[in-house]
Every structure is written in C-alpha cells, then in structure tokens.
Amino acid sequence: MSALGLAACGGGSDSGNDAEDGITMGFAQVGAESGWRTANTKDVQDAAKAADVDLKFTDAQQKQENQIKAIRSYIQQQVDVIAFSPVVESGWDTVLKEAKDADIPVILTDRAIDSSDTTLYTTFLGSDFVKEGKTAGEWLVEESAATDGPVNIVELQGTTGAAPALDRKEGFEAAIAADPDLKIVESQTGDFTRSGGKQVMEAFLKNTPDIDVVYAHNDDMGLGAIEAIEAAGMVPGEDIKIITVDAVKDGMTALADGKINFIVECNPLLGEQLMDLAEKVVNGEDVPARVVVEETAFTPEQAKEALPNRKY
C-alpha cells in the first residue's frame, strides 16, 4: 500500500460541488454481526449528522454482492464520496473502476482491499490488524514464559477472506513464533459472531483434548466460546485462558470479571475522522493514503478502570 498522499479522484471543485455545498456520502456497511460493528455504524451515523453530511446508508448483511450493488447504486445517484468497509479483501477492482470513471472518490473504512491498483481509492482509515494480532501474541508469549511444556491454542477466526481475520492471524502467528511451545492446534472461522464462536468452540472441546488458550479474532466469538466452556463444566479465564480483540462493553465486562484474560482494542469510533477525510477529498485536498486509528490493550484490572467511561 502506498504511503504517499493521494489527491481526491474527483467530485471536488471541478464539478462545482465542494464540501461547502454539503456532502452526500454513500456508506456501504459490512453488516451488524457484532457489538463492534453496531457501535461503528452508530458512530458514523452520528458523525454524519453532526457534520451535516447527507448519509445514504446500506447494510450489506456480510455479503459482498450486496456491497457491490450498494456502491453501484451510489454511483448512479452521483454521490460526492463513497465509503465502505469491505466484507472481504478481493474482488473490488471492477466496481471501484466504475466509481473512478464516474469521478467519485472512495474511502475505505476499517478494512483494506487486496488490489494492485491503489488509485481505486483515495485513502484507508482503519486499524492496524497485524499489530493487533501481534499484541495478542506478545502478551501470550510473556504470560507463558514460566510454563513448562506445550501450550495448546485454538483459534476462532473471523470471516474467511476478511482483512481483520487474515491480518490478526498473521500478526499472532508471527509473535508466538518466539516460543516453540506455543502451538495453534485448531483454527476455524466463527464468522465474527457470538453464535459462531460458541458453535466452533463446542466442536473444539469435543475433538481437541487439553486446550490451554482460546485466541478469538473478536470479542463476540470469545463471548460465545465462554458459553461453550461454561457449558462443558470448565471455568473460562482459569481452566482455559481467553484472548480477544475489540474491547466492546460486553467483552470488557467479561474481562473485568476474569472470564477473558486479555483484550486488544480495535476502536470502532471512526465517524468523526471519516467525515473530516470526506470533506477534504471532496474539496480536492491531499490526504494520507493510510490513516491509522490509535488503540491500546487491556488486562482485567485496566478493564475495571476503563468500563465506567466506555463509549462502546
């Protein structure tokens, strides 16, 4: 991905429709698969209202074909800017070329795409998912330093082909490579949902003896795993350690209660930054090709401190 600033693809002063006239944004959301996504949607909608942006919103229900259909609809409506969080990484070149040909700039939010043509979008606003996975793995390496013998890890992956699933896996595996005793013995998608996490964890518990750690790519799958672990008569956080990514309220509550051991934050509150970027690209200003969201991580004690003021 290019680190150079890219000028807006269009919709700027050449068309006589700059941000001062009011922006119309088409936003194609992944879906409502998790507490994180719900918080992300609300923040985008609230930020659009505060910035007086006319937001045309679509819920793609985790289907790429729905997002492509929504983007084509926005092109037909001649919106000023299109923003979307891609369901999966690949398969976007055709529709984004259509947006480019229509002189409509595109902003990627939360998730990246896998394309060799970086002129198809103006900027990508989102988290560093590889870093999130690495932070999770580094905590486990440190936590397991005094443990003798193998540590068996089961992994609850996000949606197959989605950027956060691919990158969180990559970062985690790179970090745990520092300790040869840490081994991922099972890895399967739970599709970022609580029900998926529970179902996959139930299968893991039946088929895999001696599970020491669950690494879930988001809180919701981790919370589903907790249900399965408790139903099997074990104590989550003690008999099986749990690491998740997101830090939404339900996850943080489980962390504060000791049912989760460590959470890496993935901040869903991107709305204000998105509206600021949209105004700049519509006005033809240069913006960075990559805007990374600031995030942290939490232990149970830190979760207790953070929860009273948590916005999501």
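Worth saying up front: this structure is predicted, and the values here are computed from it rather than measured.

About the thresholds
Residues numbered from 1 in each chain as written. Predicted model: local features only at pLDDT ≥ 70, side-chain atom pairs only at ≥ 80, totals over all residues. Heavy atoms only, no water. Pairing = 2+ DSSP bridges. Helix = DSSP H or I, 4+ residues; strand = E, 2+ residues; numbered from the N terminus. Contact = heavy atoms within 4.5 Å. Axes fitted to C-alpha atoms, helices over the stretch in contact; angles between N-to-C directions. 1 Å grid on protein atoms, 1.4 Å probe; cavity = no way out; pocket = protein on both sides within 12 Å on 5 of 7 lines; lining within 4 Å. Points joined across faces, edges and corners; volume = space filled by probe spheres on them. Nonpolar A, V, L, I, M, F, W, Y, C, P; charged D, E, K, R; others polar. Expected span 1.5 Å × (residues − 1). Buried < 20%, exposed > 50% of the residue type's maximum accessible area, 1.4 Å probe, protein only. Arc of directions from axis to C-beta. Polar contact = N/O pair within 3.5 Å; in protein donor to acceptor, adjacent residues only side chain to side chain. Left-handed = near helix turned anticlockwise from the far one by under 90°.

*Asks:* I tried to follow the sheet that holds strand β9 (residues 241-246) on my own but got confused; where do I start?
*Replies:* Strands pair in a sheet through their backbones, by hydrogen bonds, and they do so in one of two ways: parallel or antiparallel. The strand order across the open sheet built from six strands is β7-β6-β8-β9-β10-β12, with neighbouring strands paired in mixed fashion. The open sheet has two edge strands, β7 (182-189) and β12 (297-298), and neither has a second partner. Summarising the sheet, strand β6 (residues 151-157) and strand β8 (residues 213-216) pair through four bridges and their orientation is parallel. Directly across from Glu-155, in β8, lies its bridge partner Tyr-215. Each of β6, β7 and β8 touches helix α6 (residues 194-207); the most contacted strand, β6, lies at about 150 degrees to it.

*Asks:* Any chance you could explain empty space enclosed by the protein here in plain terms?
*Replies:* To find leftover empty space, one rolls a probe the size of a water molecule over the atoms. Enumeration over the complete set of coordinates arrives at one cavity of 30 Å³ or more. Around the largest cavity sit 13 residues that line it, and Trp-36, Arg-37, Arg-111, Arg-168 and Asp-246 are the ones nearest its centre. Of all the secondary structure elements, the ones that give two or more residues to the lining of the largest cavity are α1 (35-50) and α5 (163-176). Of the residues in the lining of the largest cavity, the class split is five nonpolar, two polar and six charged.

*Asks:* Mind showing me how you'd approach helix α4 (residues 129-143) here?
*Replies:* Working note: α-helix, 3.6 residues per turn, so residues spaced by three or four point in the same direction. For α4, with 15 residues, the first-to-last C-alpha span of 21 Å sits near the 21 Å given by 1.5 Å per residue. Among all positions of α4, only Phe-129, Glu-132, Gly-133, Ala-136, Gly-137, Trp-139 and Leu-140 are buried. Taken around the axis of α4, the buried residues stretch over an arc of 155 degrees, which confines them to a single face. Away from its buried face by more than 90 degrees, α4 exposes Lys-131 and Glu-142. Check the buried side of α4 and you find it contacts β6, α5, β7, β8, β9 and β10 (262-265). Put simply, Asp-128 is the residue that caps the front of α4, since its side-chain oxygen is 3.3 Å from the backbone nitrogen of Val-130.

*Asks:* Could you clarify how one ought to interpret α5 in this entry?
*Replies:* Along its 14 residues, α5 runs 20 Å from first to last C-alpha, staying within 8% of the 20 Å computed at 1.5 Å per residue. Where α5 is concerned, the buried positions are Ala-163, Pro-164, Ala-165, Asp-167, Arg-168, Gly-171, Phe-172, Ala-175 and Ile-176. Packed against the buried residues of α5 are α4, β6, β7, β8 and β9.

*Asks:* Mind showing me how you'd approach the packing of α4 against α5 here?
*Replies:* For the pair α4 and α5, the least separation of the axes is 6 Å and the interaxial angle reads 35 degrees. The two elements α4 and α5 meet at a crossing, and its hand is right-handed. Counted together, Phe-129, Val-130, Glu-132, Gly-133, Lys-134, Ala-136, Gly-137, Glu-138, Leu-140 and Val-141 of α4 and Ala-163, Pro-164, Asp-167, Arg-168, Glu-170, Gly-171, Phe-172, Ala-175 and Ile-176 of α5 form the full contact between these two elements. A class-by-class count of the residues in the contact of α4 with α5 yields ten nonpolar, three polar and six charged.

These figures capture arrangement, not role.
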